[in-house]
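Overview (structure and organization)
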Amino acid sequence: MRKLQEILEKIKPQTKSKWEWQILPELKMPVWVVKGNQSGKVLAISAGVHGCEYVGIAAVKRAFESLDADKISGMILFFPLINAAGFYQGKKQIMPLDEERKNLNRIFPGKRDGTLAERLAHRLEEQLYPEIDFLLDLHGGDIDEDMQDLLFFSENVSKTVRDVAENIASCMPIPYRLCSQAENGFYSRAAKMGTPALLLEIGSGGKFCDEEVIRCLECIEVAQRALGIVQGEVSVNQEQKCSQRTEYVFAASDGFWHRMAKAGDRVKKGDVLGEIKSLEDVLLQRVIAKFDGVVWYGQTGFGVSSQTHLLAYGAEE
Ligand SMILES: [Zn+2]
């Protein structure tokens, strides 16, 4: 199997090229590369970890097409479809090729001898992270989620890694950046291993529109400029707020989900955000806001199973 490093070594300066990385014996992954004629930072931009989060997938194609290799320093690696089967088969959240249909973004660092998704995570960590200076992982609200535009950066990492990620986030045209303690995702594991990284959420409900794709392209442009890959200024988005506290709520049982707050809503401590009822209308769970805040995202499905992620809300600071 060809290592990513071997592909990258072959790439000539001032070129744009498309490759297939044989990342596992049974899996090829497209990687598109733009390399400038001067040395510089290496940025990876990934989409399609979740196959039905379309804004980033559409944006990656346009970002690659719009770049001129003569005008950049360093290199940009585009991964338009990390989980291609999830995209083509329209499967929300999971990797359909995985034996246990796992969610790739919950299993990092993966395993050398695990299921397909676990081995993929392991290989990404082993071969991609060492090659790059920054990872921007593009997501959005899945088919059954509504979503406020958000950025996530990792909290429990080295100060340098956290500062680089947070500084770039703070220049993006996104209203909120969230400090996250998660460590098992593609971007959060990269940060843990010393590569600054962000997760960007734009769009909702497995839909996308031109306006959202343009907003995503603006965020990509910020990352490219901030890293000195593309020339141009960046400035802090004065309207962006940072949230240090997020509450994640899960279903305690199967049932009918009656949601009472949607993404972007401001809520007060004590507000009822939703209820799960049985088929016979017996109240099974009531979700009450523990503090004043904003709903980041929520489950839009009417039927939910135990442990379904119902919603997340956080404090505005
Ligand atoms: Zn996602």
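Residues numbered from 1 in each chain as written. Predicted model: local features only at pLDDT ≥ 70, side-chain atom pairs only at ≥ 80, totals over all residues. Heavy atoms only, no water.

**What to know about the sheet that holds strand β7 (residues 150-154)**
Going by this rule: A strand pair is defined by DSSP finding two or more bridges across the two strands. Numbering of helices and strands starts at the N terminus; helices are DSSP runs of H or I of at least 4 residues and strands are runs of E of at least 2. Between the N-to-C directions of two axes lies an angle of 0 to 180 degrees, each axis being a line fitted to C-alpha atoms and, for a helix, fitted only over the stretch in contact. Residues count as neighbours in contact if any of their non-hydrogen atoms are within 4.5 Å of one another.
One open sheet accounts for 9 strands, arranged β1-β2-β4-β3-β5-β9-β7-β8-β10; its pairing is mixed. Each having just a single partner strand, β1 (15-24) and β10 (241-243) make up the two edges of the open sheet. When the angles between neighbouring strand axes are averaged without regard to direction, this sheet yields 25°. Sheet analysis places strand β3 (residues 38-47) next to strand β4 (residues 73-79), joined by 6 bridges and oriented parallel. By the bridge assignment, Leu43 is partnered in β4 with Ile76. In the packing of helix α4 (residues 116-128) onto the sheet, contacts are made with β1, β2 (27-35), β3 and β4, and the angle to β1 comes to roughly 130°.

**Thoughts on the domain arrangement of the chain**
Frequently, the measure chosen for interface size is the accessible area that the parts lose on association. Let me state the cut-off plainly: Domain start and end points were adopted from an automatic or database domain assignment. When two components associate, each loses some accessible surface as probed by a 1.4 Å sphere; the sum of these losses over both components is called the buried area.
Taken domain by domain, the chain holds domain 1 (4-241) and domain 2 (247-314). For domain 1 and domain 2, the distance between their C-alpha centres works out to 29 Å. The interface is formed by 11 residues belonging to domain 1 together with 14 residues belonging to domain 2. Both sides together, the interface formed by domain 1 and domain 2 hides about 1000 Å², and carbon and sulfur atoms give 51% of it.

**Quick notes on the coordination of the zinc ion**
The condition is simple: For Na, K and Ca the donor cut-off is 3.2 Å; for every other metal, N, O and S atoms count as donors within 2.8 Å. Water does not enter the count, which can leave sites looking incomplete. Between buried and exposed lies partly exposed: a residue is buried under 20% and exposed over 50% of the maximum accessible area for its type, with that area taken using a 1.4 Å probe on protein chains only.
Around the zinc ion, the protein contributes the donor atoms His50 (ND1), Glu53 (OE), Glu53 (OE) and His139 (ND1), which lie 2.0 to 2.5 Å from the metal centre. Written as a sequence motif, the donor arrangement for the zinc ion is H-x2-E-x85-H. With His50 in the loop between β3 and α2 (54-66) and His139 in strand β5 (residues 134-139), the pair connects residues that are 89 residues apart, well separated along the chain. On the basis of relative accessible area, His50 is assigned to the buried category, the value being 6%.

**Here's the deal with the pattern of salt bridges**
Pairs may arise between side chains of opposite charge once their charged atoms sit close together. Operational definition: What makes a salt bridge here is a side-chain nitrogen of Lys or Arg within 4 Å of a carboxyl oxygen of Asp or Glu, nothing more.
Tallied over the entire structure, the rule returns 26 salt bridges. Across the salt bridge formed by Lys71 and Asp68, the nearest N and O atoms sit 3.8 Å from each other. Since its relative accessible area comes to 32%, Asp68 is described here as partly exposed. Glu118 is the partner of Lys102 in a salt bridge, and the nearest nitrogen-oxygen pair spans 2.9 Å. One end of the pair, Lys102, is in the loop between α3 (84-88) and α4; the other, Glu118, is in helix α4, and 16 residues separate them in sequence. The exposure class assigned to Glu118 is buried, which follows from its relative accessible area of 9%.

**Some details on the pairing of β3**
Applied cut-off: The crossover handedness rule: strands pointing away from the viewer, path from first strand over the helix to second strand clockwise, crossover right-handed.
Where the polypeptide runs from β3 across α2 and back to β4, its parallel neighbour, the crossover connection is right-handed. By the bridge criterion, 5 bridges tie β3 to β5 in an arrangement that is parallel. Considered in β5, the bridge of Ala44 is made with Leu135.

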